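Topology and contacts: notes
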Amino acid sequence: MLMCLGAVVFEILPIGLDEIDHGATASFAQHAVLGDMPPLEFTGKGPETWRIRGTLLPEFSINAGVGDGSGGLSDIDALHTMRESGQAQYLMRGDGVPLGWVVLTRVTERSRKLNPHGVGRIIDVEIDVSRCGTPGIAGSPLLSLMPSGL
């Protein structure tokens, strides 16, 4: 396993990951003063994001008997469903290191070498996720998504 995002497990096939970018920021308040640089006051963590890039080879995966027979296309559908739901998903690196709760903010596909059915023989996938609060924990932005009375 290379990485796990919610129910989607990335392995070499059907979706092999090529690159992972990770960025994290800090937040500061700026205070104006006379004759000097404005002092900065640390106010907390800023946004933390990942961009996950991979390649899907549907025909190769189907011929190799890997996955559920969709050649990985069902994983792409699952990623779009997660994005559309707005629900937090757990992100874990392949070596078991937990990366925390994230929401999918963007999923893009680029299909190349189309087969006679219009499906790419090579599909580049890019997934953007942002860290979010733990679902169900006070202060989490996801509490507003939960039905009242829970």
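Keep in mind the model is a prediction, meaning the values are calculated, not measured.

1. Things to note about the pairing of strand β6 (residues 98–114)
Strand direction decides the pairing type here: strand β5 (residues 89–93) and β6, joined by four bridges, are antiparallel. The partner of M92 across the bridge, within β6, is P98. Between the end of β5 and the start of β6, which pair antiparallel, lie four residues, with G96 showing a positive phi angle near 90 degrees. Bridge count between β6 and strand β7 (residues 120–131): 11 bridges; the pairing is antiparallel. The residue of β7 that forms the bridge with V102 is R131. Between β6 and β7, which follow one another and run antiparallel, lie five residues, and G118 among them has a positive phi close to 85 degrees.

2. A few points about unusual backbone geometry
With an omega of 0 degrees, the peptide bond running from L13 to P14 counts as cis. Structurally, the position occupied by P14 is in the loop between β2 (8–10) and β3 (15–30).

3. What about helix α2 (residues 73–85)?
With 13 residues, α2 should reach 18 Å at 1.5 Å per residue; the first-to-last C-alpha distance of 19 Å fits that figure. G86 occupies a position one or two residues after α2 and carries a positive phi of about 75 degrees.

Definitions and limits used
Counting restarts for each chain, with residues numbered from 1 along the sequence as it is written. Side-chain atom pairs in this predicted model are given and counted only at pLDDT of 80 or more, local residue features only at pLDDT of at least 70, and totals for whole chains, interfaces and linings cover all residues. Working from all heavy atoms in the structure, the side-chain values ignore hydrogens and water. Any two strands are treated as partners once DSSP identifies two or more bridges connecting them. By the criteria applied, helices consist of DSSP H or I runs no shorter than four residues and strands consist of E runs no shorter than two, each listed in order from the N terminus. Expected span, for any helix, means 1.5 Å times one less than how many residues it has.

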